Amino acid sequence: MNASLSPSVPPAGSAGIDALRTLLERPLPAVMGVLNVTPDSFSDGGAFIAPARALERARAMIADGVDIIDIGAESTRPYKGARPIAAEDELARLKPVLADVVALGVPVSIDSMKAQVVAFALDHGAAIANDVWGLQRDADMAPLIAARGVPVIVMHNRDSVDPAIDIIADMKTFFRHSLDIAAQAGIVRDKIVLDPGIGFGKTAEQSMTALARLRELDVFGRPILVGASRKRFIATVSPSEPSARLAGSIAAHLIAAQRGAKIIRTHDVGETLQALRVAHAIESKQ
C-alpha cells in the first residue's frame, strides 16, 4: 500500500509547521503529553484504551497546559516485551478516538512507525508525525512526510543494547542516516526534530549519558525533543515502579531543558510544566 496517496481531507501540514514553529520560539520548552491508547504500554497500558477515558485524559492534559498531544496506538515500550501489531489493529485502536482528540484544538502528533497509520492520522487532523525509528523502519514513511509537508520527530533507536558503544557517536551516525533519508525524500530540514530516544536500545548508563551530553547533538542544528518520563533508568538510581518516578522524570527533564531541549515529552503534564516554569523564573533572575 502506498501511504502517500492524496489525503481524503486537506492536509494539516502548514498548520502543524506553524504551530510547532511558534512553540519552538518560546523561551520555555514545549510540553508534549503522552496519550497511549494501548493495552500494554510500560507505564499506563490499558488505562486509556477506552475512547471515553482517552478523551477524558486529553482534556485533563489540556487543562494542565499541554502544548502537543502525542497519541500512540501501539506500544513501543523501550524494553523487551513490546508486542508488534498489524497496522489494521493499530488503526482499530486509533479510529474511535483520534477525531475527538483533534477536535479539542491542541496540535496532535501521531506516534507510529507505520506509514499507513501515520497517513490515516494526518488525513484526520494530526499535525505532526513522530517516528520512533527515525524514518529507517518503513520505507514509505519519508516519502509520506515529504508529500504531506508535516513536521516529523526523528527518534534514535537500536534493535539491541550494546553497553560497549559510545552512545553519542551511535546517535550521530543514526541521525546522519535519517537526515540523508529525509533529504532524498524531499523533507525540508526545518521540519525535522531530533529525539535521542531515552531508554530505547540503551543501557541505563547510556540513557543518562545521552542526557548529560545532549548539547553534542546541536551539531545537527535541529530542535531536540526529550522524553525521559518514567523511564527505567530512573529506577537504577532510585528503585521505583513507573508510576512512582515523577520526581526522577522532572529531574531528567530539567537537565534536558538546561541543555537545550525544546520539547519535553511527558506523562505528567501539569507537574512538568510547573517545574519548567519555576526553573525558568529562577534562571531569569541571574
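Parameters at a glance
Residues numbered from 1 in each chain as written. Predicted model: local features only at pLDDT ≥ 70, side-chain atom pairs only at ≥ 80, totals over all residues. Heavy atoms only, no water. Buried < 20%, exposed > 50% of the residue type's maximum accessible area, 1.4 Å probe, protein only. Helix = DSSP H or I, 4+ residues; strand = E, 2+ residues; numbered from the N terminus. Pairing = 2+ DSSP bridges. Right-handed = clockwise from strand over helix to strand, strands pointing away. Expected span 1.5 Å × (residues − 1). Arc of directions from axis to C-beta.

A. Quick peek at the pairing of strand β4 (residues 128–131). What you see with β4 is no split at all: Ile128 and Asn130 on one side and Ala129 and Asp131 on the other are buried throughout. In this sheet, β4 lies alongside strand β3 (residues 108–111) in parallel orientation, the contact comprising three bridges. Along β4, the bridge assignment pairs Ile110 with Ala129. Examined bridge by bridge, β4 and strand β5 (residues 152–155) share three bridges and lie parallel to one another. Residue Ala129 lies in a different strand from β5, and its bridge partner there is Val152. Following the chain from β4 across helix α6 (residues 141–148) to the adjacent parallel β5, one finds a crossover that is right-handed.

B. Inspection of helix α2 (residues 51–63) at higher detail. Taking 1.5 Å as the rise per residue, α2 with 13 residues should run 18 Å; its terminal C-alpha atoms sit 18 Å apart, in good agreement. Every buried residue belonging to α2 is among Ala54, Leu55, Ala58 and Met61, and all of these are buried. An end-on view of α2 places all buried positions within 120 degrees of arc, on one side of the element. Within α2, the exposed residues directed more than 90 degrees away from the buried face are Ala52, Glu56 and Ala63. Two residues or fewer past α2, Gly65 is found with a positive phi of approximately 105 degrees.

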